[in-house]
Amino acid sequence: MHEFVTGAARRAMPLLSGLRRMAGRVDGALGCVLLCGVLAAAVLGPLAAPNDPAADEVSRRLQPPSVRYPLGTDELGRCVLSRLLVGTRYSVGTGVAIVAVSLLVGAVLGAVAGYAGGAADRLIMGAVDAMLAFPGLVLAIVIAGVLGPSLFNAMLALAAVHWTAYARIARGSVLSARTEPYVEAARALGAGPVRLLVRHILPNCISPLLVMATFGLGHMVLAASALSFLGLGVQAPTPEWGAMLNRGRDFLLVAPHMMTWPGLAITLTVLGFNLTGDALRDAMDVRQPARL
Amino acid sequence: MLAYVVRRLGFLVLVAVVVSFITFAFMRLAPGDPAELIAIGRFGEHVTEAQVEQVRQQEGLEAPLPVQYVRWGARAARGDLGRSLVSGEPAAAEILGRLPATVELAVAALLVSLLLGVPVGTVCASHRGRPLDVAARGGALLGVSVPNFWLALLLILVFSLWLGWLPSYGSGGLARLVLPAVTLGTGMAALTTRVMRSGAVEVLSRPYIRAARARGLSERTILWKHALKNSLIPTVTVLGLQFGRVLEGAVIVEAVFGRPGIGRLLVNSVYARDFAVVQGCVLLFAGVYVLVNLLVDVVYAWLDPRIHYGAGGAGA
């Protein structure tokens with residue numbers, strides 16, 4: 001029966017059924033709910049914000065939560081809730097961009113290494129192994145700091161470190177897929193290496209990459225906010241969560257709400273990705289370590 | 001075994017070269033003239049063109065980047081990391097002076113993670129699937145999701161500012177170590193708990209445990225006397241991985257708690273573009289991380305005699 005299913009549908013089925021199984025689990029469902037909340041805040045944030053996130057007014061600085069300012073005001077009198085909502089795009093968007101770039105670069109380089117073998121493989125995987133044997137955040141801090149503090153440089157620094165994880169997975173998947181009969185068949189039909197990789201091999205490596213990317217999103221949201229917290233990422237007055245937390249440091253006792261809520265936002269976002277990743281990994285039966 | 005260790009030490013050289021080259025390239029390609037920065041450090045704010053040129057000649061900064069890197073590498077291999085731009089002291093001495101505070105933090109954090117993770121993981125395994133297990137696993141997941149800089153601020157707020165029990169700043173003495181170690185250790189305990197739990201679950205299904213049950217031993221004796229030791233092996237293997245987290249975490253935790261360790265030195269040197277010190281820190285991090293992982297592998301082989309590292313069985 002399965003011979004009659006087209007190639008595309010056959011590739012999509014394990015992915016779809018995996019996603020369905022994932023959402024059916026308690027942790028998967030909880031993770032999805034959290035991520036839907038994050039997505040809603042990112043999309044609707046500016047509309048839902050009760051106040052102008054940039055409107056400062058020194059007379060109402062460091063106010064505790066009130067009806068007008070549900071989460072209080074910061075050191076310049078800006079609405080913390082509004083900044084939190086608008087900041088979702090920066091905090092989560094940064095993570096998404098880093099993972100997207102890393103996934104692309106890592107998957108391509110890993111696939112090339114696995115498919116080509118030989119010197120290219122040794123060169124690429126030598127670099128990957130060397131970088132994986134170094135605490136990534138430390139290297140990212142050095143790169144971001146040297147390039148100068150900015151959102152773009154922080155993203156560049158983290159992507160420069162993060163792609164290695166995907167390269168290793170892509171290489172492994174390609175190595176195991178390239179000897180499959182269906183690949184042999186496509187090769188016998190005259191498919192070139194690019195077509196073989198893109199059309200036939202990579203689609204079958206999606207599950208492990210997807211699981212890794214889900215954990216990677218949580219990891220990168222955390223790392224990007226850490227860089228901003230250290231002053232190496234987003235600069236004032238952009239309302240990013242890590243940077244907001246950093247400002248809250250100086251007003252811990254007077255205005256604890258300035259650091260409580262951004263921290264909670266980061267935690268719930270990362271928790272959402274981790275829960276979803278765990279469920280996805282189990283549902284798709286992908287064997288790999290939770291996070292590096 | 002010896003061949004394996006030698007190969008891993010060769011790998012250490014590779015890691016050091018790759019990581020230091022990346023740092024080197026970014027440092028030199030970044031905006032700002034390094035010769036001018038060094039000249040400012042040496043002669044003060046107002047430097048003349050001639051002084052900058054003099055520094056450029058002296059430091060060999062006119063040479064192409066790869067040549068500069070090789071020269072730097074040759075000096076570093078002899079233990080000469082150059083001088084700090086900020087203090088003028090040799091970078092190596094500067095870094096070694098900061099080492100104790102970080103080592104102290106790392107050891108304390110690992111201890112916290114083991115003291116928390118091993119018992120919780122073991123209890124989870126024996127209560128598999130029951131509410132206690134689910135709650136502890138949820139807690140572990142929360143533990144890896146909480147940003148450590150936020151946890152640090154929460155702990156400072158509660159234990160230093162509200163309760164006034166512990167100091168929040170500086171280093172020296174046990175009291176100043178507690179909050180940073182707990183901050184770093186709880187995040188790591190999450191991984192310890194997970195690994196410990198899965199290790200114990202596996203061990204508890206083995207025949208010798210069933211035999212112990214058949215002999216009528218109490219569950220408590222079986223769990224803590226018979227199962228615990230064998231369940232510890234996977235936990236030992238992830239200690240190396242955990243050490244990477246310590247190094248990453250130290251950078252942030254030292255910044256929040258104002259501990260004068262390597263992590264804080266690195267961040268400050270990055271801000272000041274203190275090239276010699278940044279490179280030195282990066283080399284140290286690479287060396288320590290790879291060596292700790294090598295040590296873990298060796299200890300692992302020693303703990304479990306079935307494992308031996310033969311030819312071809314490399315791995316980072």
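Per chain, residue numbering runs from 1 following the sequence as it is written. All chains are assigned letters beginning with A, and all ligands numbers beginning with 1, in the order in which they are written. pLDDT decides what is reported in this predicted model: residues at 70 or higher carry local features, side-chain atom pairs at 80 or more are listed and counted, and totals for whole chains, interfaces and linings draw on all residues regardless. With hydrogens and water excluded, all non-hydrogen atoms of the structure serve as input to the side-chain values.

J.: What exactly am I supposed to notice about the overall build of chain B here?
T.: We count a stretch as a helix when DSSP gives it H or I for four or more residues in a row; a strand needs E for two or more, and each element gets its number in order from the N terminus. Counting its secondary structure elements, chain B contains 12 helices and 0 strands. When the helices and strands of chain B are listed from N to C terminus, the series reads α-α-α-α-α-α-α-α-α-α-α-α. For chain B, the spread of C-alpha atoms along the principal axes amounts to about 85 × 60 × 30 Å. For every residue, the accessible area (1.4 Å probe, protein chains only) is compared with the maximum for its type, and the residue is labelled buried under 20%, exposed over 50%, or partly exposed between those bounds. The buried share among the 316 residues of chain B stands at 46%. In chain B, once contacts between residues fewer than 6 apart in sequence are set aside, the share between residues at least 24 apart is 72%. Whether two residues touch is decided by their heavy atoms; if any such pair falls within 4.5 Å, the residues are in contact.

J.: Explanation requested: the overall build of chain A in the structure shown.
T.: The number of helices and strands found in chain A is 11 helices and 0 strands. Projected onto its principal axes, the C-alpha positions of chain A cover 75 × 45 × 25 Å. Every one of the 292 residues in chain A was classed for burial, and the buried ones make up 54%. Long-range pairs, those at least 24 residues apart, make up 70% of the contacts in chain A with a sequence separation of at least 6. The accessible surface values rely on the Shrake-Rupley method and a 1.4 Å probe; as for residues, cover is taken only from the protein chains in view. When the accessible surface of chain A is totalled, it reaches about 12600 Å², and 68% of it is carbon and sulfur.

J.: Is there a simple way to explain the interface of chain B and chain A in this structure?
T.: The interface is formed by 45 residues belonging to chain B together with 46 residues belonging to chain A. Note: buried area is the sum, over both parts, of the accessible area (probe 1.4 Å) each one loses when the two are combined. For the pair chain B and chain A, the summed buried surface comes to about 4000 Å²; carbon and sulfur atoms form 80% of the total. In this structure, D278(A) and R194(B) form a salt bridge, with 2.5 Å as the shortest nitrogen-oxygen distance. Under the rule applied, a polar contact is a pair of N or O atoms within 3.5 Å (in protein, one hydrogen donor and one hydrogen acceptor; residues adjacent in sequence only if both atoms are side-chain atoms). Connecting chain B to chain A are 8 residue pairs in polar contact (both at pLDDT 80 or more). By convention in these notes, a salt bridge is any Lys or Arg side-chain nitrogen within 4 Å of a carboxyl oxygen on Asp or Glu.

J.: Please explain a nonpolar patch on the surface as it appears in this structure.
T.: Candidate patch residues must exceed 30% relative accessible area and have no salt bridge, after which like charges are joined if within 9 Å and Val, Leu, Ile, Met, Phe, Trp or Tyr side chains if within 5 Å. On the surface, a cluster of nonpolar side chains totalling about 460 Å² of accessible area is made up of V101(A), L104(A), V105(A), V108(A), L109(A) and V112(A). Among the structural elements, V105(A) can be located in helix α3 (residues 80–116).

J.: Whenever I open this one, the packing of aromatic side chains confuses me. Can you help?
T.: Ring pairs (aromatic) are described by centroid distance and by the angle formed between their planes. Residue and element names in this part refer to chain B. Aromatic contacts are taken between Phe, Tyr and Trp rings whose centres are within 6.5 Å, Trp giving its six-membered ring; a plane angle under 30 degrees counts as stacked, one over 60 as edge-to-face, and the others as tilted. In this structure the tally under the stated criterion is 7 aromatic pairs over all chains. Both rings, one in F21 and one in Y69, keep their centres 4.9 Å apart while their planes meet at 85°; by these two values the pair is edge-to-face. Here F21, found in helix α1 (residues 2–29), pairs with Y69, found in helix α4 (residues 65–77); they are 48 residues apart in sequence, far enough to count as distant. A connected cluster of aromatic rings, assembled from ring pairs, spans F21, F24, Y69, W72 and F275.

J.: Please explain the confidence of the model for chain A as it appears in this structure.
T.: Caution is warranted with low-pLDDT regions, since their predicted coordinates should not be read in detail. A residue-level look at chain A finds 92% of positions with pLDDT of 70 or above and a mean pLDDT of 83. pLDDT measures the predictor's confidence residue by residue and takes values from 0 up to 100. In this model, residues 1–5 of chain A is a region of pLDDT below 50 whose contacts with residues beyond four sequence positions or in other chains number 2 contacts.

J.: What's the story with the confidence of the model for chain B in this structure? I'm lost.
T.: Residue and element names in this part refer to chain B. The pLDDT averaged across chain B works out to 82; a share of 96% of its residues lies at or above 70. Per-element confidence in chain B is highest for helix α5 (residues 91–126), whose mean pLDDT is 89, and lowest for helix α2 (residues 34–43), whose mean pLDDT is 76. Overall fold confidence for the complex sits at a pTM of 0.85, while the interface term, ipTM, reaches 0.83.

J.: Would you take a moment to explain the pattern of salt bridges for this structure?
T.: Side chains that differ in sign of charge can pair as their charged atoms come close. All names here are of chain B. Within this structure, the stated rule accounts for 13 salt bridges over all chains. With a closest N to O distance of 3.1 Å, R56 and E53 form a salt bridge. Of the two residues, R56 and E53 are both situated in helix α3 (residues 49–58); the distance of 3 residues between them amounts to about one turn of the helix. Of the charged contacts in the structure, one is a salt bridge between R197 and D133, with a shortest N-O distance of 2.9 Å. Of the two residues, R197 sits in helix α8 (residues 175–204) while D133 sits in helix α6 (residues 131–145), which places them 64 residues apart along the sequence.

J.: Please explain α5(B) as it appears in this structure.
T.: Because an α-helix packs 3.6 residues into every turn, residues spaced three or four apart end up facing the same way. Helices are assigned an expected span. That span is 1.5 Å times one less than the residue count. Taking 1.5 Å of rise per residue, 36 residues should cover 52 Å, and α5(B) covers 51 Å from first to last C-alpha, within 8% of that figure. Throughout, bend refers to the angle between the axes fitted to the seven residues that end at a position and the seven residues that start at it. The largest bend along α5(B) measures about 35° and falls at L99(B), with the proline P100(B) one to four residues further on.

J.: Sorry if this is basic, but what is going on with the packing of α5(B) against helix α11 (residues 262–272) of chain B here?
T.: Residue and element names in this part refer to chain B. At a closest axis distance of 7 Å, the pairing of α5 and α11 adopts a crossing angle of 135°. For the element pair α5 / α11, the angle class is oblique. Contact residues: α5 offers E94, I95, R98, L99 and T102, while α11 offers I262, G263 and L265. Residue composition of the contact of α5 with α11, grouped by class: 4 nonpolar, 2 polar and 2 charged. Think of each axis as a best-fit line through the C-alpha atoms, taken over the contacting stretch in the case of a helix, with angles from 0 to 180 degrees between the N-to-C directions. Angular relationships are summarised with four words: roughly parallel below 35 degrees, roughly antiparallel beyond 145, roughly perpendicular across 65 to 115, and oblique for the angles in between. Note on residue classes: Ala, Val, Leu, Ile, Met, Phe, Trp, Tyr, Cys and Pro are nonpolar, Asp, Glu, Lys and Arg are charged, and everything else, Gly too, is polar.

J.: Can you walk me through the nonpolar core in this structure?
T.: Burial of nonpolar side chains together is a common tendency in soluble globular proteins. L158(A), V256(B), L266(B) and F285(B) are the most contacted members of the largest nonpolar core, which has 120 residues in total. In terms of residue count, the dominant contributor to this core is helix α9 (residues 206–229) of chain A (12 residues). With residues up to four places along the chain from it excluded, the contact list for V256(B) reads F229(A), R249(A), F149(B), A152(B), L153(B), I156(B) and Y169(B). Among the nonpolar cores identified, the runner-up in size contains 11 residues, and A111(A), A177(A), V183(A) and A186(A) belong to it. Think of a nonpolar core as a cluster: buried Ala, Val, Leu, Ile, Met, Phe, Trp, Tyr and Cys residues, connected wherever their side-chain atoms sit within 4.5 Å.

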